[in-house]
Every structure is written in structure tokens, then in C-alpha cells.
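# Structure at a glance
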Amino acid sequence: MFRKHVSAPIIAAGAVVKRGAKVALVRRNRYDGDISLPKGKLKPGETIEATAIREVEEEIGQRLEVQGFAGVTRYLAAGAPKVVFYFIMSADRDDGVQKDSEVAEVIWAAPEEAISRLSYREDQRLLERLHRLEVV
Amino acid sequence: MPGRLIARLADAFFGSAERERLGQAIDETWSDFEDQIHRSAGKALQSPWAQTAIRNLLDAEQRLVSSRFEQGWICALTAQRAILGNPDNSKRIERAAIALRREADKITGWRSKAISDLICGPKGELRPDLMDDPERVIQAVALRDDFAHNNYFKIGLRRRHLRQLFRIMLIAILACLVASYFGKLPALYNDTRQLCLVILFGVLGACVSVSQGLLSSEVSAKIPAQQIGAFVIWMRPAVGAAAALASLAILDANNTINIFNFKNAEWSGVVGLLAFAAGYSERFIVGAIEKLSTAQKS
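The structure displayed is predicted, hence computed values, not measured ones. (Residues numbered from 1 in each chain as written. Chains lettered and ligands numbered in written order. Predicted model: local features only at pLDDT ≥ 70, side-chain atom pairs only at ≥ 80, totals over all residues.)

Residue and element names in this part refer to chain B. Its 13 residues give helix H5 (residues 91–103) an end-to-end C-alpha distance of 19 Å, which sits within 8% of 18 Å, the value for a rise of 1.5 Å per residue. For H5, the complete set of buried residues consists of Ile93, Ala96, Ala97 and Leu100. Seen end-on, H5 carries its buried residues on one side only, within an arc spanning 105°. The exposed set on the far side of H5, more than 90 degrees from its buried face, consists of Lys91, Arg95, Ala99 and Arg102. (Helix = DSSP H or I, 4+ residues; strand = E, 2+ residues; numbered from the N terminus. Expected span 1.5 Å × (residues − 1). Buried ≥ 20, exposed ≤ 12 C-beta atoms within 10 Å, placed from the backbone. Arc of directions from axis to C-beta.)

Turning next to the packing of helix H3 (residues 48–65) of chain B against helix H4 (residues 69–84) of chain B. Residues and elements named next belong to chain B. It is the contact of H3 with H4, at a shortest axis distance of 8 Å, that shows an interaxial angle of 160°. Considering the angle they form, H3 stands roughly antiparallel to H4. Seen along the crossing, H3 lies across H4 with a hand that is left-handed. Residues Trp49, Thr52, Ala53, Asn56, Leu57, Asp59, Ala60, Arg63 and Leu64 of H3 touch H4, and the partners they reach there are Gln71, Gly72, Cys75, Ala76, Thr78, Ala79, Ala82 and Ile83. Looking at side-chain class alone, the contact of H3 with H4 contains 10 nonpolar, 5 polar and 2 charged residues. (Axes fitted to C-alpha atoms, helices over the stretch in contact; angles between N-to-C directions. Parallel < 35°, antiparallel > 145°, perpendicular 65-115°, else oblique. Left-handed = near helix turned anticlockwise from the far one by under 90°. Contact = placed C-beta atoms within 7 Å. Nonpolar A, V, L, I, M, F, W, Y, C, P; charged D, E, K, R; others polar.)

In this section: the interface of chain A and chain B. With 19 residues of chain A in contact, the opposing surface of chain B contributes 16 residues. It is strand E5 (residues 65–77) of chain A that contributes the most residues to the side of chain A that touches chain B, 6 residues altogether. Broken down by class, the residue content of the side of chain A that touches chain B amounts to 11 nonpolar, 4 polar and 4 charged.

This part takes up the nonpolar core. Grouped together as the largest cluster of nonpolar side chains are 73 residues, with contacts concentrated most on Ala15, Val16, Val17 and Tyr86 of chain A together with Leu57, Leu100 and Val137 of chain B. By residue number, the principal contributor to this core is H4 of chain B, which donates 10 residues. Discounting chain neighbours no more than four positions away, the residues touching Ala15 of chain A are Pro38, Ala52, Val56, Tyr86, Phe87, Ile88 and Met89 of chain A. Val198, Val210, Ala242 and Ala275 of chain B belong to the second-largest nonpolar core, a separate cluster that totals 24 residues. (Core = buried A, V, L, I, M, F, W, Y, C linked by C-beta atoms within 7 Å.)

As a further point, take unusual backbone geometry. Positive phi values are uncommon outside glycine, yet Glu134 of chain A reaches one of about 60°. As for its placement among the helices and strands, Glu134 of chain A is situated in the segment after helix H3 (121–132). Looking at Glu134 of chain A, the number of C-beta atoms within 10 Å reads 7, which means it is exposed. Even without being glycine, Ala41 of chain B reaches a positive phi, approximately 55°. Within the secondary structure layout, Ala41 of chain B lies in the loop between helix H2 (17–39) and H3. Given 14 C-beta atoms within 10 Å, Ala41 of chain B falls into the partly exposed group.

Let us now look at the environment of Ile60 of chain A. Residue and element names in this part refer to chain A. Note that Ile60 resides in helix H1 (residues 48–60). On the basis of neighbour count, Ile60 is assigned to the buried category, with 26 C-beta atoms found within 10 Å. Separated by 14 residues in sequence, Ile60 and Arg74 have C-alpha atoms that sit 23 Å apart.

Right, let's talk about the pairing of strand E6 (residues 80–90) of chain A for a bit. For a regular strand, side chains alternate in direction, first toward one face of the sheet and then toward the other. Residues and elements named next belong to chain A. For E6, the tally of buried residues reaches 8 of 11 residues, placing the bulk of the element in the interior. Taken together, the 11 bridges between E5 and E6 define a ladder with antiparallel strand orientation. Pairing of Gly71 across the sheet is with Tyr86, part of E6. The turn linking E5 back onto E6 is made up of 2 residues, and Ala78 within it adopts a positive phi angle of 50°. (Pairing = 2+ DSSP bridges.)

Quick look at the confidence of the model for chain A now. In this model, chain A carries an average pLDDT of 89, and 91% of its residues clear a pLDDT of 70 or more. At the low end of the mean pLDDT range in chain A sits strand E7 (residues 103–109) of chain A, at 90; at the high end sits helix H2 (residues 111–117) of chain A, at 96. (pLDDT = per-residue confidence, 0-100.)

Turning next to the packing of H2 of chain B against H3 of chain B. If you want to describe how two helices pack, look at the angle between their axes and the distance between the axes. All names here are of chain B. Viewed as axis vectors pointing N to C, H2 and H3 meet at an angle of 160°, and their least axial separation amounts to 10 Å. With respect to their mutual orientation, H2 and H3 come out roughly antiparallel. For the pair H2 and H3, the sense of crossing is left-handed. Along its contact with H2, which presents Arg19, Leu22, Gly23, Ile26, Thr29, Trp30, Phe33 and Ile37, the element H3 presents Ala50, Ala53, Leu57, Ala60, Glu61 and Leu64. Grouping the amino acids of the contact of H2 with H3 by side-chain chemistry returns 10 nonpolar, 2 polar and 2 charged.

Rendered as C-alpha cells:
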């Protein structure tokens, strides 16, 4: 019986970054300029929370404060199972200097607008849930 | 895009209940895991139980994608046991132990006794110290899971044999068609169009027979029995086709010994009808095989 080759699972971490009544989204240079929540892959030996802080600070371009756990999204990335752990973080300004060349633009939007602008259903579901629970 | 469409169509036609069931179990375990992490405000993510659960859940997903369901179940159940090891939710241990005591009745052999020894006192009551010694419950759950994996493995073995038989049957039918096309079979079988008609009517008859059988079958049958039966159902149209091919031999014999009181076996209506009837009667063949295997056991 032939078995389909499946790449190794991917663990990533990201955040729903709040500033006042708005949340941060990032438009990426890769993947046809899709809009997603800021996130990145885990490095060996790094904790999930540390990954979230490092990746999101790089993408948003400012120091952030972790406020809690937001949830998990799961999907297949190029055939490999991928899980992303999201935290809730807060920012105090929106004029950060991005250190990540992958990010074309940081977009600050109200939750309803942010949900409609997100390119991926998994991100939308997470934000919808957090908005329903009045977390954002 | 066409690849995805083909994959969706294939899933719609051949999507397996096993895939869906494992997928649901993984989804439920992730939900449970997420709930536990929420309760700890994300702090538990680095704890050993959470790391084990994440690793095993991702492995389970990987096995699901590659259709290795048995290994997928092993990983998913290991993740569930890891979540059970969350020290901040010891109430779960108590609930798991209550359920396990009942489940032990359904488990056969030494595992049932071992589960009782682990979680019950001498009079069969739950041990009062389980909250302080959760490893006893986790070990008992592992024994239950081991019992399930064993069953799954046995089913897997039987299905592998059936699958091989199914392949041989398909090859034989295909070989008949090819030999017929090149005129290498006796006269009655050398008409390839007639042979195709016979096979198709045999498959049709078997499909009608299987759907009738499925409508009247017991839904309450145990899942292991249903898992074996599910593959037999896939085989039955091929059994019908084989029976229909055999019916041609009966028609051939009829030309010599006049079983049916007519001699024109080349009349396609008669051939089709007999093929359909032979296909429909596949249940007797499957039934006979089942009876034989039961008789061998006793």
C-alpha cells in the first residue's frame, strides 16, 4: 500500500495585539500579500510564549506585553499539520519600526473590520470568538 | 485547483468513516487541551503534560493526513492521557476512574483485572487515594487504550487478508476480460461485450443485495464487528461479478444438459437476468464463507 508522504508538523506562535479598540493585522510580502494575525515558527529550544513575543515584536515593530492566552488555530500548511498558539498582547502605540522584511504593512483595525480583512478562515474564527467574548 | 477538486470528489465517493472518526477525536482532544490551557492563562503551555499532548496531537494529525489511522489513534489517546496528567485538574482523575470502573466490565482478559487492581479497593470500591496518586488512573487508562489498540490491530490484520483477496478477485475478473478480448476463452466467454454485460449485471445485483442487507442490518452491532463488515461490503460487488461470471458456466452447461428448459444462452436478456440473479445471490456466498469460518472456530 502506498502511503502519502506528509511533512513534519509545524508549531508556531502569534498574538492578537490590542491597542485601544483596534487589533493589529499584518500584510505579508509572501503568499500573495495575504493578511493574517502576526505569528512565526518556533525555534529549537524556544518556548511557545517566547516565540510569540519574538515574532510578534519583530512584525509589529515594538515591545509588547502578554496579557493572556487567546487560543489555538490548526490547519494544513503545504500538506503538513500546523498549529499556532495565540496570546493576547497589548501595544501602546502604532508607529513601530518593523524588523521583519516579510511584513509589508501593519494594519490596525476595529475587530469587525479586522475579521473581514483576514485572509484565512482559522484566523477569522479565532478573532470572532475573542470578539464575542469581548476580549477584543 | 484541479488536484483539490479531484481530492474532494474522491473524498465524497470514498471518504472513510475511520478518517472522520479519528479527525473528530483529534478535534475534541484539541478543544479539551485548549480549555486546560485557558484555565491556566497560558502558563501551562510549557508544562511536561502540555508538551506531550501537543507533540502527540500533532503526530496524530500527521498520521490522519497520511491515512495511518491505527497509529493516529495511538497518538490521540496518548495525548488524552497526557491531558489527564494535568495536576491542576485533579477532578478529572476522579471522573476518569469512575468511568473506567464501569468500562473494565467490557474489557476481557488480564487487563480488566489489572485495571480493577489499579483503581479499586479489595471490595471493588474506588480507592480513596486516587487523587493523590493519579498515575494509577493514567496507567489504568493506558491499559484500556492498549486493549483497544489490540482489537484494532486484529481487525487490521483481517482486513489486510480481505484486501488481498479483493485484489486477486479484481485481477481474475480483469484477466477474464482480457483473455476474452483476445479470444483465448471457450466460445461462450469469447464475446467480450457479453462478458462485460455479465460482470456489470453481476455488480448491479450485488449492489442491490448489499443495500437491502444494509437497510435491515443492526446499527447496534459493536464497532469492531462493523469495521470488519465495512470492508466486506466493499468486496461484495466483486463477489457478485465473480458469481455472475460463474453463472455463464451454468448457461453453458444448460446447452448440454438442459437445466432451464431452453437452449439459446446467447440471448442477452437471459444472460443479463441470470447474471443479475447470480450477483444478487452473493449474500449466500458471503453467508456460506461466514458459516464455514464459524464452523472452523467451533
